[in-house]
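Each chain is listed here by its residues.
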Amino acid sequence: MYRITKKKQLNQDITLIEFEAPDIARSAHAGQFVIFCIDEFGERFPLTIYDYDRSRGTVTVVCQAIGVSTKKLCTMNVGDNINDVVGPLGHATKTKNIGKVICIGGGVGTAEAYPIAKALKEDGNDVTVIIGARNKELVICEDEIRGFCDKVFITTDDGSHGRKGFVTDVLKELIEKDRYDLVFAIGPIIMMKMVSVMTKAKGVRTMVSLNSIMIDGTGMCGGCRVQYDNQTKFCCVDGPEFDGHLVDFDELMVRQARYKDKEKLA
């Protein structure tokens, strides 16, 4: 069992949860994820590792209450036990000797961008972070990111915090003004697509993290398949990070919407 040791509400729908998982904490790195099963009857679902403490044997995730299982996780409290957690899964982010990097987090994707931006900074890279959300209440991890990165831009759709507009507005200005070695984007699929389209035109290498529909985490079920460079790849074992210029985002968006009606029913 994986006992919850800390719970913090980041906003109405997004919750930070720390839990005991010594084996996972010992092996975890930025960019990897875990797969949860809340109880013996629950479904399996992935969450990116937000943080880990090897000495305390804890792992932290940030969860948006959007479906049946994520809502269950967000209603659990300190002292409660999660039935099953598998990980760390996926390939860790390559962070050494990159150079000038822009990390973009959209919505809850900011929590996934946080550990990557932090690891890149710790390895001596020049890191700029762009955080995007619909409004001020939905901006997360800003203080934590400002704690290690002094170049942080905030955008909100309604202008209630930071700059009114989208992350791509700031990205466009940055890549037109200066040269960057890498752009890393995590968030809604449409956001990652638009970032990749913009950077491809400028010839800027771009990585995206695809938190697709993952079930077994071993590449056997095929639920997380994605068309990548005209080949079929599996997010859980081949990713979760991919070259954004080679991902078929349109096909991915169709796949992600395929179970919407069943999710609403559940």
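Attention in this report is confined to the structure presented alongside it. Here the residue index of a chain counts from 1 through its sequence in written order. In keeping with the model being predicted, local features are shown solely for residues with a pLDDT of at least 70 and side-chain atom pairs are shown and tallied solely at 80 or more, while totals for entire chains, interfaces and linings include all residues. Water and hydrogen atoms play no part in the side-chain values, which are based on all heavy atoms of the structure.

A short note on empty space enclosed by the protein
So, step 1. A 1.4 Å probe that fits into a set of points on a 1 Å grid over the protein atoms alone but cannot get out defines a cavity; an open set with protein on both sides within 12 Å along at least five of seven lines defines a pocket, and lining residues are those with an atom within 4 Å of a point. Grid points are joined across faces, edges and corners, and a volume is the space filled by probe spheres set on the points. All told, the structure shown has 2 cavities of 30 Å³ or more when counted by the stated rule.
So, step 2. Volume-wise, the largest cavity comes out at about 60 Å³.
So, step 3. If you trace the largest cavity, you find it lined by Leu47, Thr48, Tyr50, Val62, Val108, Ala111, Glu112 and Asn211.
So, step 4. Elements supplying a minimum of two residues to the lining of the largest cavity: β4 (45-53) and α3 (109-122).
So, step 5. Secondary structure elements follow DSSP: runs of H or I no shorter than four residues count as helices, runs of E no shorter than two count as strands, and numbering proceeds from the N terminus. At 3 residues, β4 tops the list of elements feeding residues into the lining of the largest cavity.
So, step 6. Considering only residue class, the lining of the largest cavity consists of 5 nonpolar, 2 polar and 1 charged.
So, step 7. Lining the second largest cavity are Phe33, Pro46, Thr48, Ser209, Leu210, Asn211, Met214 and Pro240. Charged means Asp, Glu, Lys or Arg here, nonpolar means Ala, Val, Leu, Ile, Met, Phe, Trp, Tyr, Cys or Pro, and polar covers whatever is left, Gly included.

Topic: the side chain of threonine 93
So, step 1. Along the chain, threonine 93 falls in the loop between β7 (84-89) and β8 (100-106).
So, step 2. Note on contacts: a residue pair qualifies if any of its non-hydrogen atoms lie within 4.5 Å across the two residues. When residues no more than four places from it in sequence are discounted, the contact partners of threonine 93 are Ala30, Gly31, Ile116, Phe184 and Glu241.

Considerations on unusual backbone geometry
Apart from glycine, the bulk of residues carry a negative phi angle, and the bulk of peptide bonds sit in the trans form.
So, step 1. Of note, the bond from glycine 87 into proline 88 is cis; its omega dihedral lies within 30 degrees of zero at -5°.
So, step 2. With respect to the element layout, proline 88 can be found in strand β7.
So, step 3. Between glycine 239 and proline 240 the backbone carries a cis peptide bond, its omega angle lying at 10°.
So, step 4. Along the chain, the position of proline 240 falls in the loop between α7 (235-238) and β16 (241-243).
So, step 5. Not every positive phi belongs to a glycine, and cysteine 141 is a case in point at roughly 65°.
So, step 6. Inspection of the secondary structure assignment puts cysteine 141 in the loop between β9 (126-133) and α4 (142-146).
So, step 7. Cysteine 141 sits in the buried class, given a relative accessible area of 8%.
So, step 8. Residue aspartate 229 is not a glycine yet carries a positive backbone phi of 55°. Think of it in three bands: residues with accessible area under 20% of the maximum for their type are buried, residues over 50% are exposed, and the middle band is partly exposed, with areas taken using a 1.4 Å probe on protein chains only.

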